[in-house]
Amino acid sequence: MTIAHTAHPLKVLQLTDPHLMASADGALLGVNTRDSLAAVIDEVLRNHGQPDLILATGDLTQDASSEAYRYFGEQLKAFNCPSLWIAGNHDDSDLLASIAAEFQAEQKQLVQGGWHFVMLDSSVHGKVFGELSQPELAFLDESLSQHPELPTMVCLHHHPVDIGSDWMEKIGLKNRDAFWQVIDRHPQVKIVLWGHIHQDLQQQRNSVQLLATPSTCIQFATGSSKFAVEPLAPGYRWFELEASGQYSTEVCRANGFEFDLDEKSTGY
Ligand SMILES: Nc1ncnc2c1ncn2[C@@H]1O[C@@H]2COP(=O)(O)O[C@H]2[C@H]1O
């Protein structure tokens, strides 16, 4: 584990749900996912510049191919900083971990800039919903016990709360009560961050800020009872984290990216 303290806020970039494919032509509902990721990376560099850390919160690939994982790692070389990768429902957790190691992105926790980052694997092989295994819950509890003094961000792929979309209720984190029982024992947790829902979301649960972020490809319609997409631009989340525990965060989109989304789609 790396320990570094800086006087400046730590700049953290979240990239989520890029759904990359082995083929350069790979598209999701009409949107080429390599092109949309490139547009988001350009937007980060133009708008915010270099981050100090990247959090990649799952569905890095659509086809769980080694080519797509390596493509993702290569694209992150636009940034001169470490990244941490976790799996989503479209990923192959073991393959992701082995290729993440090639890019030094496999760590499950990191202390940097006075913050503690904990990365959880909520993927369940062959399922769309998420679940945290007993070893994963034990890891969460142990890692939080190691740094009770540090403001902490916990990341996973699946949503651990109701987000107000019926169709997504069935594909969130199944054992969310067990997750919150652990979190509630560790008051240093400031932020729980996820992907999966392809939309900007902010909620509060006691003293914990709950955040989700648009995908770097297609976006799901907010509050829809059944599967629906909306033609919002691909995006990312940016954080500036102070060692005091204060922070700011915003979602930005690559609004100049042109795409032809299949808006009538009823799923994929
Ligand atoms: N019409 C649908 N109803 C329910 N789930 C769907 C539908 N279409 C796709 N999905 C699944 O829901 C998931 C939501 O985001 P993912 O990108 O993980 O992948 C999606 C599919 O696995």
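A quick note: this is a predicted structure, and the numbers were derived from the prediction, not measured.

In terms of regular secondary structure, the protein chain is built from six helices and 15 strands. A total of 268 residues make up the protein chain; the buried ones form 57% of that total. Restricting the contact set of the protein chain to residue pairs at least 6 apart, pairs at least 24 apart contribute 70%. Carbon and sulfur atoms provide 47% of the accessible area of the protein chain, an area that totals close to 11000 Å². Each charge class in the protein chain can be summarised by its mean position, and for the 17 positive and 35 negative side chains these summaries are 4 Å apart.

Moving on to the pattern of salt bridges. Summed over all chains, the structure comprises eight salt bridges. Among the ionic pairs, R46 bridges to E43, the shortest N-O distance being 2.7 Å. Of the two residues, R46 and E43 both sit in helix α1 (residues 33–47), three residues apart, roughly one turn of that helix. In this structure, D184 engages R205 in a salt bridge whose closest nitrogen and oxygen atoms are separated by 2.8 Å. With a gap of 21 residues between them, D184 in helix α6 (residues 176–184) and R205 in strand β10 (residues 201–205) connect regions that are remote in the sequence.

Turning our eyes to something else, we now look at helix α3 (residues 93–102). Regarding α3, the residues found buried are L96, I99 and A100. For α3, the angular spread of buried residues about the axis comes to 110°, placing them on one side. For α3, the elements touching its buried residues are α2 (66–75) and β5 (83–86). Its side-chain oxygen at 3.1 Å from the backbone nitrogen of D94, D92 defines the N-terminal cap of α3. Looking one or two residues past α3, Q104 carries a phi angle of roughly 50°, positive in sign.

This brings us to the site of the ligand. Near the ligand lie 14 residues; those nearest to it are H19, N89, H90, T266 and Y268. One of the side-chain nitrogen or oxygen atoms of H19 is found 3.3 Å away from an oxygen atom of the ligand. Between the ligand and Y268, the relevant distance is 2.3 Å, taken from an oxygen atom to a side-chain nitrogen or oxygen of the residue. Protein chains shield 79% of the accessible area of the ligand, which is 460 Å² for the free molecule. Looking at the shell around the ligand residue by residue, the classes come out as six nonpolar, seven polar and one charged.

Averaged over all residues, the pLDDT of the protein chain is 97; the fraction at 70 or higher stands at 97%. Here residues 1–5 is modelled with pLDDT under 50, and outside its nearest four sequence neighbours on either side it reaches 16 contacts, counting other chains as well.

A few words on the sheet that holds strand β8 (residues 152–155). If you walk across this open sheet you meet the six strands as β6-β7-β8-β9-β11-β10, and the pairing is mixed. The strands lining the two open edges of the sheet, one partner per strand, are β6 (109–112) and β10. Recorded for the sheet is a direction-independent mean angle of 20° between the axes of neighbouring strands. For β6 and strand β7 (residues 115–119), the ladder comprises four bridges, and the chain directions are antiparallel. Residue pairing across strands places Q112 opposite W115, the latter belonging to β7. Sheet strands touched by helix α4 (residues 134–146): β6, β7, β8 and β9 (189–194). Its angle to β7, the strand with the most contacts, is close to 175°. On top of the sheet, α6 reaches β8, β9, β10 and β11 (208–212); it is set at about 155° to β9, its chief contact.

Working note: non-glycine residues mostly have negative phi, and peptide bonds are mostly trans. Even without being a glycine, H198 presents a positive backbone phi close to 50°. Mapping H198 onto the fold places it in the loop between β9 and β10. For N206, which is not a glycine, the phi torsion comes out positive at approximately 50°.

The next subject is the nonpolar core. One finds W85, V154, F179 and V192 to be the most contacted residues of the largest nonpolar core, which totals 67 residues. Top contributing element to this core by residue count: α1, with five residues. The contact partners of V154, leaving out residues within four places of it in the chain, are V118, L120, L140, L144, F179, I183, V189, I191, V192 and L193. Grouped together as the second largest cluster of nonpolar side chains are 17 residues, L10, L55, W115 and L211 included.

This part takes up the packing of α2 against α3. Between α2 and α3, the shortest axis-to-axis distance is 10 Å and the interhelical angle comes to 35°. Crossing of α2 over α3 shows right-handed handedness. The segment α2 lies against α3, with S66, Y69 and R70 engaging L95, L96, I99 and E102. Class assignment of the residues belonging to the contact of α2 with α3 gives a composition of four nonpolar, one polar and two charged.

Calculation criteria
Residues numbered from 1 in each chain as written. Predicted model: local features only at pLDDT ≥ 70, side-chain atom pairs only at ≥ 80, totals over all residues. Heavy atoms only, no water. Helix = DSSP H or I, 4+ residues; strand = E, 2+ residues; numbered from the N terminus. Buried < 20%, exposed > 50% of the residue type's maximum accessible area, 1.4 Å probe, protein only. Contact = heavy atoms within 4.5 Å. Areas by Shrake-Rupley, 256 points an atom, 1.4 Å probe, with all protein chains shown as cover. Lys, Arg positive; Asp, Glu negative; His and termini not counted. Charge placed at Lys NZ, Arg CZ, Asp CG, Glu CD. Salt bridge = Lys/Arg side-chain N within 4 Å of Asp/Glu carboxyl O. Arc of directions from axis to C-beta. Polar contact = N/O pair within 3.5 Å; in protein donor to acceptor, adjacent residues only side chain to side chain. Near = heavy atom within 4 Å. Nonpolar A, V, L, I, M, F, W, Y, C, P; charged D, E, K, R; others polar. pLDDT = per-residue confidence, 0-100. Pairing = 2+ DSSP bridges. Axes fitted to C-alpha atoms, helices over the stretch in contact; angles between N-to-C directions. Core = buried A, V, L, I, M, F, W, Y, C linked by side-chain atoms within 4.5 Å. Left-handed = near helix turned anticlockwise from the far one by under 90°.

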